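So you can see what is in the structure, the chains are spelled out below.
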Amino acid sequence: GGVSRRRANIARKRIRGHTHSIGRFLDPPWMRGTTMLMIDNADRSDDHFIYLPESKRTRRLTSVQGSDSFLGSDLWYEDLERRYPDEYDVVDLTSARKPEEATYLLRVRPTRESSAYDEIEFEIAKKDFYLLGTSYFRGDSKTPIRRITSSREHMVIQDGHRIPTQYVVRNDVRGTETVARFMRMEVNPELSDSLFRSVALEVGRKIPGLGRQKKKDKGM
């Protein structure tokens, strides 16, 4: 019945064909300065690094599983990783209609043996292929163990990209829900590759642009 909140600065960049993501936590106070780095590797498990300010050391997370909870939330580490079409086999494709719009229901089966679920169903808008929802299933169950949704109400368009600014993650196994909101977003900012190196985590470099936005917000 409790509620916990996390706040972080996040940046993502494609470097030599691989997605690099960094997140530095601002709140709550006991997590302030904790920094995570994820590097997408298409041919093997992704690399995960975490910097803990108390110990002032960066360590590599070698035992992370895709279905491990991300810092106690209903997000999985796999939700934060880049996925590739060849990691799934198509099971079925049907049409459906919500009160708001027509959709495709794409049912797939992950090919990775380490996957914590047996099938996934993507709910995709027919008119522009916007991903409205993702449901995860185990065994022959008709009820998903988790569902991630993103409504058009929380979608913005920047530089021709349709970007969801809010995800709702419902975990029916735990009976919990996580809401992830993205604020002060910027597409294609100038980011140095050095920001995404594990050796740079301890430096505590600020993500470019946030300082200017913070000053602007302060004057509002």
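Every value quoted in this text rests on a predicted model; they were computed, and no experiment measured them.

Okay, the overall build of the chain next. Helices and strands together make up the secondary structure of the chain, namely 1 helix and 14 strands. Buried positions account for 38% of the 220 residues belonging to the chain. Put simply, of all contacts in the chain between residues at least 6 apart along the chain, 33% involve residues at least 24 apart. Surface accessibility of the chain: about 14,200 Å² in total, with carbon and sulfur atoms responsible for 50%.

Further remarks concern the pairing of strand E14 (residues 176–181). Pairing between strand E13 (residues 166–171) and E14: 6 bridges, direction antiparallel. Counterpart to Val-169 in the pairing with E14 is Thr-178. With antiparallel pairing between neighbouring strands as the criterion, E13 and E14 make up a hairpin whose turn holds 4 residues, including Gly-175 at a positive phi of roughly 70°.

A few words now on unusual backbone geometry. The omega torsion across Asp-27 and Pro-28 is 0°, close enough to zero to call that bond cis. Following the sequence through the fold, Pro-28 ends up in the loop between strand E2 (18–27) and strand E3 (35–39). The backbone of Arg-16 shows a phi angle near 50°, a positive value even though the residue is not glycine. Among the structural elements, Arg-16 can be located in the loop between strand E1 (7–15) and E2. Positive phi is not limited to glycine here, since Asn-188 has a value of about 55°. By the element assignment, Asn-188 lies in the loop between E14 and helix H1 (210–218).

Let us now look at the pattern of salt bridges. Scanning the model with the defined rule gives 15 salt bridges in all. Put simply, Asp-47 and Arg-60 hold a salt bridge, and the shortest N to O gap is 2.4 Å. Linking Asp-47 in strand E4 (residues 47–52) with Arg-60 in strand E5 (residues 57–60), this pair joins segments that are 13 residues apart in sequence. Residue classification places Asp-47 among the buried residues on the basis of a relative accessible area of 9%. The exposure class of Arg-60 is partly exposed, given its relative accessible area of 44%. Ionic pairing is found between Arg-170 and Asp-172, a salt bridge with its closest N-O pair at 3.2 Å. A single network of salt bridges, built from pairs that share partners, joins Glu-101, Asp-128, Arg-152 and Arg-162.

Turning next to the sheet that holds E14. Overall, antiparallel pairing links the 7 strands, which are arranged E6-E7-E8-E9-E10-E13-E14 in an open sheet. On the outer flanks of this sheet lie strand E6 (88–97) and E14, each paired with one strand and no other. Ignoring strand direction, the axes of neighbouring strands in this sheet form an average angle of 15°. As paired strands, strand E8 (residues 119–125) and strand E9 (residues 131–137) are joined by 6 bridges and run antiparallel to one another. Among the inter-strand pairings, Ile-120 is bridged to a residue of E9, identified as Tyr-136.

Calculation rules
- Residue positions within a chain follow its written sequence, with the count starting from 1.
- Two thresholds apply to this predicted model, a pLDDT of at least 70 for residue-level local features and 80 or more for giving and counting side-chain atom pairs, whereas whole-chain, interface and lining totals are computed over all residues.
- Excluding hydrogens and water, the side-chain values take into account all heavy atoms of the structure.
- The helix count covers DSSP runs of H or I at least four residues long, the strand count covers runs of E at least two residues long, and both are numbered beginning at the N terminus.
- To sort residues, take the accessible area from a 1.4 Å probe on protein chains only and compare it with the maximum for the residue type: under 20% means buried, over 50% means exposed, and anything in between is partly exposed.
- Throughout, a residue-residue contact means that at least one pair of heavy atoms, one from each residue, lies within 4.5 Å.
- In this description, accessible areas are obtained by the Shrake-Rupley approach with a 1.4 Å probe, and a residue is regarded as covered only by the protein chains that are shown.
- By definition, two strands form a pair when at least two bridges between them are found by DSSP.
- Note on definitions: salt bridges are taken to be side-chain nitrogens of Lys or Arg within 4 Å of carboxyl oxygens of Asp or Glu.
- Orientation is described by axes fitted as lines to C-alpha atoms, over the contacting stretch for helices, and by angles from 0 to 180 degrees between their N-to-C directions.

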